[in-house]
Amino acid sequence: MELAKIIQEIHRIRALGFVPNTATEKNIDGAIGRTFEDLLGVQENNLRDPDFLGFEVKTQRQLTKSAISLFTRAPNNPNRAMRLLRDTFGDYRDERFPAKKKLFASIFANRWGDVYEINKNEIGH
């Protein structure tokens, strides 16, 4: 029954056509999600729970290079694990912060993801 309600809401919102951005943040991609949640009647929160009727709401601009993140996971052991990973495996890749190492990795459902030129052949797959 919840799925039918979600589909109904998506059709209702789509029928509105162009809707001005209701978000105040500067993050353009995040503003779309905030506007969509506003149209669904979802109050802004930072909870880990799903947004609407047991579903996590995700939006994306049609012409964007941004990925959709379902979750972020970080180790909590040992102490300062993220710093250790960044310092060990990160690199200097952001021109805005040339003296700061960064570490990014993505997992995809439909393809292998390369991390800093490391591919599946190098890890024994």
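Use the structure listed above.
Each value, and the rule that gives it
- Residues numbered from 1 in each chain as written.
- Predicted model: local features only at pLDDT ≥ 70, side-chain atom pairs only at ≥ 80, totals over all residues.
- Heavy atoms only, no water.
- Patch = residues over 30% accessible without salt bridge, like charges linked within 9 Å, V, L, I, M, F, W, Y side chains within 5 Å.
- Areas by Shrake-Rupley, 256 points an atom, 1.4 Å probe, with all protein chains shown as cover.
- Salt bridge = Lys/Arg side-chain N within 4 Å of Asp/Glu carboxyl O.
- Helix = DSSP H or I, 4+ residues; strand = E, 2+ residues; numbered from the N terminus.
- Buried < 20%, exposed > 50% of the residue type's maximum accessible area, 1.4 Å probe, protein only.

Caption draft 1: Up close: a nonpolar patch on the surface. Taken together, the side chains of L3, I7, L53 and F55 make up a nonpolar region of the molecular surface, amounting to roughly 350 Å² of accessible area. Tracing the backbone shows I7 in helix α1 (residues 2–15). Note on I7: relative accessible area 40%, which makes it partly exposed.

Caption draft 2: Molecular detail of unusual backbone geometry. Across the junction of N77 and P78, the peptide omega takes the value 0°, indicating a cis bond. Looking at the element boundaries, P78 is found in the loop between α2 (28–40) and α3 (81–89). A positive phi angle is found at L53, which is not glycine, with a value near 50°. Locating L53 in the fold gives a position in the loop between α2 and α3.

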